[in-house]
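Structural features, examined
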Amino acid sequence: MNTQIDVAIVGAGPVGLLLAIELKLGGADVLVLERLAAPDRGIKAPSIGPVGAEALQRRGMGPALTEAEARSFAAMGQAGAEMRARLLRSRGHFALLPLRSNAEPERRMYWVDQAAIEAVLIERASALGIEIRRGCEVTDLEQRDTDVTVGWTSVAGPDRLTCSWLAGCDGGRSTVRKLAGFGFSGAPPSLTMYQAILDLDHPERLPRGVSRLPGGVVINGPRPRRLGLHDFSGPPADREAPVTRDEIEGALRRISGADVRVTAIEEANRWSDVTRLADTYRRDRVLVAGDAAHVHSPLGGQGLSLGLADAANLGWKLAAVIRGDKSAGFLDSYTAERRPVTDAVLANTLAQVALMRTDDRSSALREVFATLMQLDDVNDRVDGMMSGLAMRYDLNSDRAEVGSLAADRPLGAGTSLYSQMADGAGILLDATSDGRVAALAARTARLRCLAVDAPRSLLIRPDGCIAWSADGDETDGLADALERWFAR
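The model shown is predicted, which means the values in this text are computed figures rather than measured ones. (Residues numbered from 1 in each chain as written. Predicted model: local features only at pLDDT ≥ 70, side-chain atom pairs only at ≥ 80, totals over all residues. Heavy atoms only, no water.)

**Topic: unusual backbone geometry**
Glycine aside, residues mostly have negative phi, and peptide bonds are mostly found in the trans state. A positive phi angle, near 70 degrees, is found at arginine 225, a position not held by glycine. Here the phi dihedral of arginine 446 falls at roughly 55 degrees; this positive angle occurs in a residue that is not glycine. Tracing the chain through its elements places arginine 446 in the loop between helix 13 (436–440) and strand 22 (447–451). Arginine 446 gets classed as partly exposed once you look at its relative accessible area, which sits at 32%. (Helix = DSSP H or I, 4+ residues; strand = E, 2+ residues; numbered from the N terminus. Buried < 20%, exposed > 50% of the residue type's maximum accessible area, 1.4 Å probe, protein only.)

Structure (structure tokens):
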């Protein structure tokens, strides 16, 4: 293959697929290369946080997400109906300390597992004509001033292509990150975590819910047959070795102290709390996103949303560069905006591990923190941190909403903000009495201007970030914001 394309994406997980969708909507020619021959249906994230869900909803995948959640609960019958009523009120947890539901109920997590989310993204990518080439393991890459050549092997033999840009969305052990020379430093692992779908000889001997015990944590449910374990005895001896029945049973009996046997395992995975962050998200014409850029413990279920927000932030910016609307330096805002967000997530996952440990000092710290979380201000601050809804990019504005992600909202005439963003365009909501805001943006490409009956006007980037706002008939700063984010 001796083809030149705009962007080659390595990795067809949720992050790589959303990035491909964003680029395609922005007018780029894209190809996705995936090592696995078929989508991975193993145990991964059981839900998606509000920031990740909204990234899909902004691109027209909201109905599919809602349907997938309904199917998931329906498949469990009566138990699913009861679980749905309980979980849809949940705001998640911090170090297994439950958060109270004080935030907007519509900006919630969705109880759709990663495999189902991937299926939604594959369907959308297919509808856009995006090619996903499976069974391709990347072996080498070479950067030049104007392009990148990437090579891979498959059952058909070695192959390679030339692309203007290469994006590594290929997970925590990213080949792209390693070949391109990104730094990737952080904290080593200290414990082992398991998730399994299994059968026990005496399941009644394990309490339901979360049990914090001297040797670790047992999470029994809420889905039937699903078990989670946090083993504080140390990191896994061999992260790559298959998880065996004996390994799971030994950890379960040691942590729980219960006389139970594992009679069958349908699926099982292990993780650690290794925590690493790329030194930058861009090296010339190679970019990284998702787990290729950052890894951390799965506590709080933040990883999937974090990666999808990477893709949402990067996709429209890279498409603007490819179209010639922006210079390559525009991409520096990707690292500048996303890396601090990730740094904060890495910090809170490390803190959660410390609060979950069962030694006397950690337990005392946990008691103090649990008491503080009863205060509404503390609960809301932690909730915003865990959901990602408190995230705010620094756009040099003193207005509180600028830099935050816009929630969906009705716009009248049977439409909504997110439905207007499904094609990847930016949105300018004009609340002025005479349309002066829309007039200033009249010649701005890929920006949809809509008159609204609202107290303030908003400029919303394609990734949902509010880039400018003003009250009443004010327009101060709009021209600069349009130039910064949309104009050539």
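**Here's the deal with a nonpolar patch on the surface**
On the surface, a nonpolar cluster with roughly 260 Å² of combined accessible area is contributed by Val368, Leu372 and Leu375. Looking at the element boundaries, leucine 375 is found in the loop between helix 10 (360–372) and helix 11 (376–387). We classify leucine 375 as partly exposed; its relative accessible area is 48%. (Patch = residues over 30% accessible without salt bridge, like charges linked within 9 Å, V, L, I, M, F, W, Y side chains within 5 Å. Areas by Shrake-Rupley, 256 points an atom, 1.4 Å probe, with all protein chains shown as cover. Salt bridge = Lys/Arg side-chain N within 4 Å of Asp/Glu carboxyl O.)

**Re the environment of threonine 415**
For threonine 415, the location among the structural elements is in strand 20 (residues 415–416). As a C-alpha pair, threonine 415 and glycine 13 span 402 residues in sequence and 31 Å in three-dimensional space. Engagement of the side chain of threonine 415 in a polar contact is seen with the side chain of serine 419, the distance being 2.9 Å. (Polar contact = N/O pair within 3.5 Å; in protein donor to acceptor, adjacent residues only side chain to side chain.)

**Digging into the packing of aromatic side chains**
Under the definition given, this model contains six aromatic pairs. One aromatic cluster is present, built from ring pairs that chain together Trp316, Phe330, Trp485 and Phe486. Stacked on the ring of phenylalanine 182, the Lys or Arg arginine 283 has its end atom at 5.6 Å from the ring centre. Above the ring of phenylalanine 330, the side-chain terminus of lysine 326 is found at 5.3 Å from the ring centroid. (Phe/Tyr/Trp six-rings, centres within 6.5 Å; stacked < 30°, edge-to-face > 60°. Lys NZ or Arg CZ within 6 Å of the ring centre and 35° of its normal.)

**Topic: the pairing of strand 21 (residues 426–430)**
Each regular strand displays side chains that alternate between the two surfaces of the sheet. Buried residues dominate strand 21, accounting for five of its five residues. Burial along strand 21 is two-sided: the face carrying Gly426, Leu428 and Asp430 and the face carrying Ile427 and Leu429 are both buried. Sheet analysis places strand 21 next to strand 22, joined by five bridges and oriented parallel. Considered in strand 22, the bridge of aspartate 430 is made with alanine 451. In this sheet, strand 23 (residues 456–460) lies alongside strand 21 in antiparallel orientation, the contact comprising three bridges. (Pairing = 2+ DSSP bridges.)

**Here's the deal with the sheet that holds strand 18 (residues 294–295)**
Strand order in this open sheet of three strands is 9-15-18, and the pairing throughout is antiparallel. With one partner strand each, in any of the chains shown, strand 9 (184–187) and strand 18 form the two edges of the open sheet. Across four bridges, the pairing between strand 9 and strand 15 (residues 275–278) is antiparallel. When the bridges of strand 15 are listed, alanine 187 appears paired with threonine 275. Contacts from helix 9 (residues 332–356) reach strand 9, strand 15 and strand 18 within the one sheet, and its direction differs from that of strand 15 by about 175 degrees. (Contact = heavy atoms within 4.5 Å. Axes fitted to C-alpha atoms, helices over the stretch in contact; angles between N-to-C directions.)

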